Every structure is written in C-alpha cells, then in structure tokens.
Amino acid sequence: MNPVEVADAITRVHHEEWARVVASLTRRFGDLDLAEEAAAEAFATAVERWPADGVPPNPGAWLTTTATRKAIDRIRRENKRDAKQREAQVLYADDPPQPLGAVDDERLRLIFTCCHPSLSMEARVALTLRLVGGLTVPEIAHAFLVQESTMGQRITRAKAKIKVARIPYRVPSTEDLPARVAGVLAVLFLVFNEGYLASGPDTDPVRRDLTAEAIRLTRMIRTLLPEDGEVAGLLALMLLTEARRTARVSATGELVTLGEQDRGAWDAAMVAEGHRLVRERLATGVAPGRYQILAAINAVHTSARDARDTDWSQVLALYDQLVRLDPSPIIALNRAVAVAELDGPEVALAAVDRLEETLAGYHAFHATRADLLRRLGRSRQARAAYDRGIELAGNTAETAYLTRRRDQLA
Amino acid sequence: MQYLVSVIDDGTGLATPTEEADIGAFNDRLRAEGHWVFAGGLGSPDPATVIDNRGDEAVFTDGPFVESKEYLAGFWIIEAADLDVALALAAEGSKCCNRKVEVRPFL
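Residue numbers here run from 1 along each chain, matching the order of that chain's written sequence. Chains and ligands are labelled by the order in which they are written, letters from A for the one and numbers from 1 for the other. pLDDT decides what is reported in this predicted model: residues at 70 or higher carry local features, side-chain atom pairs at 80 or more are listed and counted, and totals for whole chains, interfaces and linings draw on all residues regardless. No hydrogens and no water enter the side-chain calculation; it runs on all heavy atoms of the structure.

Going by what an unreviewed UniProt entry lists, chain B is known as YCII-related domain-containing protein and is assigned to Nocardioides mesophilus. If you open the UniProt record of chain B and go to Sequence similarities (unreviewed entry), you find "Belongs to the YciI family." UniProt positions are given in the numbering used here, feature names are shortened, and annotations may be inferred rather than shown by experiment.

Per an unreviewed UniProt entry, chain A carries the name Sigma-70 family RNA polymerase sigma factor and comes from Nocardioides mesophilus. Under the UniProt heading Sequence similarities (unreviewed entry), the entry covering chain A gives this text: "Belongs to the sigma-70 factor family. ECF subfamily."

What follows is the structure in structure tokens.
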C-alpha cells in the first residue's frame, strides 16, 4: 500500500470505527473523557504505525485493543481513578474484542447518551458530532460559527453533566424509545440543515462535510433501527435534498432555485435511493410522520423530468397532510408556494400575508413574498420585500440570488 | 445515587387537600419502591432569617437570602440508579404536587 492509500484507509477507518471505539471504551471504563482521549491516542498511533506496518486485517479490533491499552496506561499513570475503574481494568484487561452486534448496540447507546433530553439542544448537537461523528472541536465550532473556546466549554460542560448527574449510557426502554428517537433525529436534521444552508458571510454556502456527516449518522441509526419509519423518512429526505446539491449553487456562487436547476446535474443514485425509501415506507401502510411526508414532497419534485411537469396537486395534498401533523407557520409558508402554482400568486400572497405576525423576522417569508409580488407585477412592494429578505438571509448564495432578482425588477 | 428534587412555588401558595392526598400517595410509592430518603414541605420565605457569621460577630437579617417570585416550597431526596429514573420520578412528583420541580444530583 502506498502512503496515499494508507492515508485514505485511515480516514475511512476513522469514519467507520471512531464511534465504535469510543462506545466500547465508555462501556468498559464508564468515563466518556477517558474513552475519547484513549480513542484519539489509538488513532494517532495508527497514523504513526500503519504506513510502515500496513493496515491491520481488522482495523476496528486493532484500534479498540490499542485504545483499551492506552486507557489502562492512563489509569495506571494517574492512579487516582476510583475503585470501579481499577476493577474494570482488572476485569477487562485481556478481554477479547466484542462481537459486532453487541458493539453496534453500544454505538446506539452512545448516540442516545449524547442526545439526552436533559442536555440543551446545542450541547446535544456538539456532543453527537464530537463523540459519535469524531469531528474535532475546531471543526464543530467553525460549523456553528462560535469560538473554539465556547464550543470546547459547551462540550466539557455537557460531559460533566453526563457524569455528575449520571445520565445513563444505554438505549432507552421500549416505551421511551419513540420520543427519544425523535430527539436524535432532530439533532441530525439540525446538523444537515446547517450544512445545506450554511450561515455566515465567510462560510461556503453548502458545507458538504456537515451534510455528509448527518447522512452518515442517519444511515447508522437506520442500520440500528431499520423498522423506524421516521428514521427512513429522514434519510430519504436528506438524500433527496443532497442529490440536488451541485445543481443548487451556480458557478458564480448564487442560489439556483428548484425550478431553474439543471436536473441532469442531480445525483441519480441518491435520487433513486431516496425514492426507494419513500416507496418502501408507503408500502407499509403505516401513517407517515413529519420526515416521511417531507421526503414524499421531495420525491414528487425529483420525479418530474422538467420543473413544468411537477405534480403540484400531489405536493399540495402532502402539505395538507403535513399541516395536520405540524401546524407551524413555516409549513404554511411552504404550502403557499404550492398554492401559487395551482391557484395563482394572488391566492398564495393572501395566505402568506396572514403569516406576517409570526414570520416577520424569517428571511424565507420575505423572499417568498417578494417572488409572489414580482409575479403580480407589484414591483415597488416586491423590491421592499427583497430588501428585507437580503437583510435577514445568512447564506451567501441566497443573498446573491435575492440581490440579482431585486436588481432585475422594472 | 441521590438526587434533590426541589419543589418550586411561583405564587400558588399552600397545597390544596387534593394535592396533599396525591403527594401522600406518591410518597407511599417512593417508600414501597425503595426510592424514599426524605421529604419535607417548607413555609414561605417571608419568616426566613439570614445569618452571616463569617466575620467577628454574627449578623442576623430579616428575610430570605434572595428576593424572587419563585421560591423553594419543599423537596424530596430520592435514591435513583441514574438520571432517567430520577427524571421519571420527578415528573410524577411535579404532577402530584402541581408545581414545577428541579432535579439536582448530590455530589
């Protein structure tokens, strides 16, 4: 293997095995900090040794064994760990690697620990990316536009709460599971959206690293909970959105709306996988949740060969279904876009205007309104709405798009 | 592992007879299931006295150490295996005494 291949292998193994190594060590030593530090040391050793020794046949087992030794060394060095850990050290020092099934279950425990409802949403996102995704603190800080020290403190504080308040390291009981999975999915959707509509003037409009990480973690959850409809729905939604990524931003860094995208540039394999998941959920006949309906809406959009062929009545029917589940003003705003296609911009504008009170600070409200006013030839009002949208939009591609549309007005 | 479940009163005042009965039933359950350590209700902070004897002489001040609309009206100290167990019990405690509660681990 040449050095490039070894480096690729280490990157791949890091993605595939990081969470498993951290999870496995957390079970043995009951200490997230120790598990994380030892896992990091094991990967550093791999980076040192694999180029000369070659990648071991079972990299996951090699890393777990190495990390376990590092953790034991650390306990011996510090020699101030409590009795429980010294006991664990004696018990597990020569423990053979766990069978895969059990270890996968441990990864799931790690995810549920990181996404515990008693932690703030920000802490859940940060911990999941750090302990399950293996992202570094600077990477997470950069993604969420906060100082490295702030993000570091947030993670340290969350880990301390897990330890002191004794947040359990386990998969919730059957009765609590649906509610807790919803929290995990909310975290992953937040990560995905931050990647897809990255905020900040100096940030790339799309953070491929974050969308990819969200998809990877959702795939992991899907492998662990294959029967959960909303997990499948969220994965389908992410895939159908991610498939359009390259067509969504022009060469000049401007947002390209769905109707204007080059459909040939969409990732056909991702679209196909997303459609397959949506069909699979439909076939179960079980009433869909929020993510499944959003995925179905995206499936309708990605099924049309040309934007003009979009089945808007199907889109509207799905939004009606979604409104019943989630009567939020943002859903109502998106529904109005479908209404505009079916009943004209005037009817849609009336619906959008009713949302002003709650959505006045939301850029998409003004962008949608501006577009409807433009189509109705009310240029002066459209201009004012574009101005407000530009002011509020945090995404560089979106700002560029809205600015061009405004400047094109008569 | 022990947790303090503080009962927060924000102006509702004393417990009603129904609340008293529900709290009694909840306490019985805590005892039966091995979670019971101690519990108690507290009077309003009005008659509280703050003492500061860090200096040469003890200083006695009339009133609570912090003025706020919300105050500690009572507490449970419970034994629970982990936070999930403590939170589930605290949620029931909040329901039966009809007030907000706060959960904190003992160190």
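Undergrad: I'm lost on the interface of chain A and chain B in this one. Help?
TA: In many analyses, interface size is given as the accessible surface area lost on bringing the parts together. In what follows, a contact means two residues having at least one pair of non-hydrogen atoms within 4.5 Å. Contact residues are listed per partner, giving 9 residues for chain A and 9 residues for chain B. Among the residues of chain A in contact with chain B, A:Val164, A:Ala165 and A:Arg166 are the three that bury the most area, contributing 55% of the side total. Any Lys or Arg side-chain nitrogen located within 4 Å of an Asp or Glu carboxyl oxygen qualifies as a salt bridge. Counting the contacts that link chain A with chain B gives 3 salt bridges. B:Asp84 is the salt-bridge partner of A:Arg170, the closest N and O atoms lying 3.7 Å from each other. Polar contact is the term for a pair of N or O atoms within 3.5 Å; when the atoms are in protein, one must be able to donate a hydrogen and the other to accept it, and sequence-neighboring residues count only if both atoms are side-chain atoms. For the pair chain A and chain B, the number of links is 5 residue pairs in polar contact (both at pLDDT 80 or more). Partitioned by chemical class, the residues of the side of chain A that touches chain B number 4 nonpolar, 2 polar and 3 charged. By buried area we mean the combined loss of accessible area, with a 1.4 Å probe, across both parts when two parts are placed together. Residues were grouped as follows: Ala, Val, Leu, Ile, Met, Phe, Trp, Tyr, Cys and Pro as nonpolar; Asp, Glu, Lys and Arg as charged; and all remaining residues, including Gly, as polar.

Undergrad: When you look at the state of the cysteines in this model, what are you seeing that I'm missing?
TA: Here, disulfide denotes a covalent bond that connects the sulfur atoms of two cysteines. Note on terminology: disulfide denotes any pair of cysteine sulfur atoms within 2.5 Å. Under the counting rule described, the total for this entry stands at 0 disulfides over all chains. With no disulfide of its own, A:Cys114 lies 6.4 Å from the sulfur of A:Cys115, the closest cysteine sulfur.

Undergrad: Just to check I follow, could you spell out the packing of aromatic side chains for this structure?
TA: The description of an aromatic ring pair uses the distance of the two centres, along with the angle that the planes make with each other. Whether two aromatic rings pair depends on their centres lying within 6.5 Å, for rings of Phe, Tyr and Trp, where Trp uses its six-membered ring; planes under 30 degrees apart make the pair stacked, over 60 edge-to-face, and the rest tilted. The tally for this structure, following the rule as stated, stands at 6 aromatic pairs over all chains. Seen in terms of ring centroids, A:Phe189 and A:Tyr291 are 5.4 Å apart; in terms of plane orientation they differ by 80°. Their pairing is edge-to-face. Here A:Phe189, found in helix 9 (residues 177–196), pairs with A:Tyr291, found in helix 14 (residues 290–303); they are 102 residues apart in sequence, far enough to count as distant. Summarising the burial analysis for this pair, A:Phe189 and A:Tyr291 share the class buried. Ring geometry for B:Phe26 and B:Trp76: centres 5.2 Å apart, planes at 90°, overall edge-to-face. Of this pair, B:Phe26 sits in helix 1 (residues 17–32) while B:Trp76 sits in strand 5 (residues 71–79), and the two are 50 residues apart along the sequence. When a residue's accessible area, from a 1.4 Å probe over protein chains only, is under 20% of the maximum for its type it is buried; when over 50% it is exposed; and in between it is partly exposed. For B:Trp76, a relative accessible area of 5% puts it in the buried group. A ring is scored as having a charge over it whenever the NZ atom of a lysine or the CZ atom of an arginine sits within 6 Å of its centre and within 35 degrees of its normal. B:Arg31 extends its terminal NZ or CZ atom over the ring of B:Trp36, reaching a point 4.0 Å from the ring centre. Secondary structure elements are defined from DSSP: runs of H or I of at least 4 residues count as helices, runs of E of at least 2 residues count as strands, and each element is numbered from the N terminus.

Undergrad: Help me understand the packing of helix 16 (residues 329–343) of chain A against helix 17 (residues 345–353) of chain A, please; the structure alone is not making it clear to me.
TA: To describe two helices that pack against each other, one gives the angle between their axes and the distance between the axes. Residue and element names in this part refer to chain A. Every axis corresponds to a line fitted to the C-alpha atoms, with the helix fit spanning only the stretch in contact, and the corresponding angles, defined between N-to-C directions, vary from 0 to 180 degrees. Look at helix 16 against helix 17: their axes get within 7 Å of each other, and the N-to-C directions meet at 160°. Our classification of the angle between helix 16 and helix 17 gives roughly antiparallel. For the element pair helix 16 and helix 17, the recorded crossing hand is right-handed. Residues Leu 333, Ala 336, Val 339, Ala 340 and Asp 343 of helix 16 form the contact with helix 17, whose own contacting residues are Pro 345, Val 347, Ala 348, Ala 351 and Val 352. Relative orientations are named as follows: roughly parallel for angles under 35 degrees, roughly antiparallel for angles over 145 degrees, roughly perpendicular for angles from 65 to 115 degrees, and oblique for any other angle. With the far helix as reference, a near helix turned anticlockwise by less than a right angle produces a left-handed crossing, and one turned clockwise produces a right-handed crossing.

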